[in-house]
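So the chains spell out like this:
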Amino acid sequence: MTDKTSDAPAGPGTTAMRLLIPIDATERSRWGVRYALRQRQAGRPVQACLLFVAEPVSSLEVLRFRTHDEIARFQAESGQYLIEDAADPLVRAGIPYEAVLREGEVAFQILDAAEQLGCSNVVLPQPQPRLARLLCRDVAHEVLSQARGVPIVTVNVEGMPVGSR
């Protein structure tokens, strides 16, 4: 998949925080956007890299009716829509963002993108309680368990930091 950018200067003579914010179809993924908005309100220059990771489809039930190209096109269109929707508050606040679309294993792609894009932090929703992880996948927990290099900030629903690693 490809990278798309909406560039705007961070400000004269300042180094902006470059935040990688993974986006998916859940409201939890928008918590990182709230964190970026809080940083801007506090007077810090911010840039956001909004990342959508499409997981490879290997289900025979799907591949029987759709080609890999059709699936990749659908995932790219869906990812771009989700990023544009998540970016709306950033645009209104004047925060520049970069839209990044990738395909692969989610936790690995998040950490890899953070390093490749020169991000200062990865911003994730706080991990779900252990019981909730039994019922559904928690990407934040997976990323934290594989963390390397780029610091990870976990935030609550208001975009307030609740932990960092």
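Residues numbered from 1 in each chain as written. Predicted model: local features only at pLDDT ≥ 70, side-chain atom pairs only at ≥ 80, totals over all residues. Heavy atoms only, no water.

A.B. asks: For this particular structure, what's the right way to read helix α3 (residues 68–93)?
C.D. replies: Counted at 1.5 Å a residue, the expected span for α3 with its 26 residues is 38 Å, and the 38 Å between its end C-alpha atoms agrees. Along α3, the largest kink reaches about 40 degrees and is centred on Ala87; proline Pro89 follows within four residues of it. For α3, the full list of buried residues reads Ile71, Gln75, Gly79, Gln80, Leu82, Ile83, Ala86, Ala87 and Leu90. Following α3 by one or two positions, Gly94 has its phi on the positive side, about 80 degrees. (Helix = DSSP H or I, 4+ residues; strand = E, 2+ residues; numbered from the N terminus. Expected span 1.5 Å × (residues − 1). Bend = angle between axes of the 7 residues up to and from the residue. Buried < 20%, exposed > 50% of the residue type's maximum accessible area, 1.4 Å probe, protein only.)

A.B. asks: When you look at the environment of Asp24 in this model, what are you seeing that I'm missing?
C.D. replies: With respect to the helices and strands, Asp24 occurs in the loop between β2 (17–22) and α1 (31–41). Under the relative-accessibility criterion, Asp24 is labelled partly exposed at 31%. Taking C-alpha positions, Asp24 is 8.5 Å from Leu51, a pair spaced 27 residues apart along the chain. Apart from the residues lying within four places of it in its own chain, the contact partners of Asp24 are Ser29, Arg30, Phe52 and Leu82. (Contact = heavy atoms within 4.5 Å.)

A.B. asks: Would you explain the side chain of Asp112 in this entry?
C.D. replies: Of note, Asp112 is situated in helix α4 (residues 106–116). On the accessibility criterion, Asp112 (16% relative accessible area) is buried. The contact partners of Asp112, leaving out residues within four places of it in the chain, are Arg102 and Arg148.

A.B. asks: I keep staring at the pairing of strand β3 (residues 46–54) and nothing clicks. Help me out?
C.D. replies: Of all nine residues that make up β3, eight are buried, and the element is covered over most of its length. Considered for its hand, the β-α-β crossover made up of β2, α1 and β3 is right-handed. Alignment of β3 against strand β4 (residues 97–103), held across seven bridges, turns out to be parallel. Of the residues in β4, the one forming a bridge with Leu51 is Val100. (Right-handed = clockwise from strand over helix to strand, strands pointing away. Pairing = 2+ DSSP bridges.)

A.B. asks: I'm lost on the packing of α4 against helix α6 (residues 139–146) in this one. Help?
C.D. replies: In helix packing, the relevant descriptors are the interaxial angle and the interaxial distance, both defined with respect to the helix axes. Between α4 and α6, the least distance of the axes is 9 Å, while the angle of their chain directions is 60 degrees. One way to sum up the angle between α4 and α6 is to call them oblique. In this structure, the crossing between α4 and α6 has a hand that is right-handed. Where α4 approaches α6, its residues Val106, Ala107, Phe108, Ile110 and Leu111 are matched on the opposing element by Val139, Glu142, Val143 and Gln146. Across the contact of α4 with α6, the residue classes tally to seven nonpolar, one polar and one charged. (Axes fitted to C-alpha atoms, helices over the stretch in contact; angles between N-to-C directions. Parallel < 35°, antiparallel > 145°, perpendicular 65-115°, else oblique. Left-handed = near helix turned anticlockwise from the far one by under 90°. Nonpolar A, V, L, I, M, F, W, Y, C, P; charged D, E, K, R; others polar.)

A.B. asks: It is not clear to me how the side chain of Arg102 should be interpreted in this structure. Could you clarify?
C.D. replies: Here Arg102 lies in strand β4. A polar side-chain atom of Arg102 sits 3.2 Å from a polar atom in the side chain of Gln109. One polar contact links Arg102 to Gln116, side chain to side chain, over a distance of 2.5 Å. (Polar contact = N/O pair within 3.5 Å; in protein donor to acceptor, adjacent residues only side chain to side chain.)

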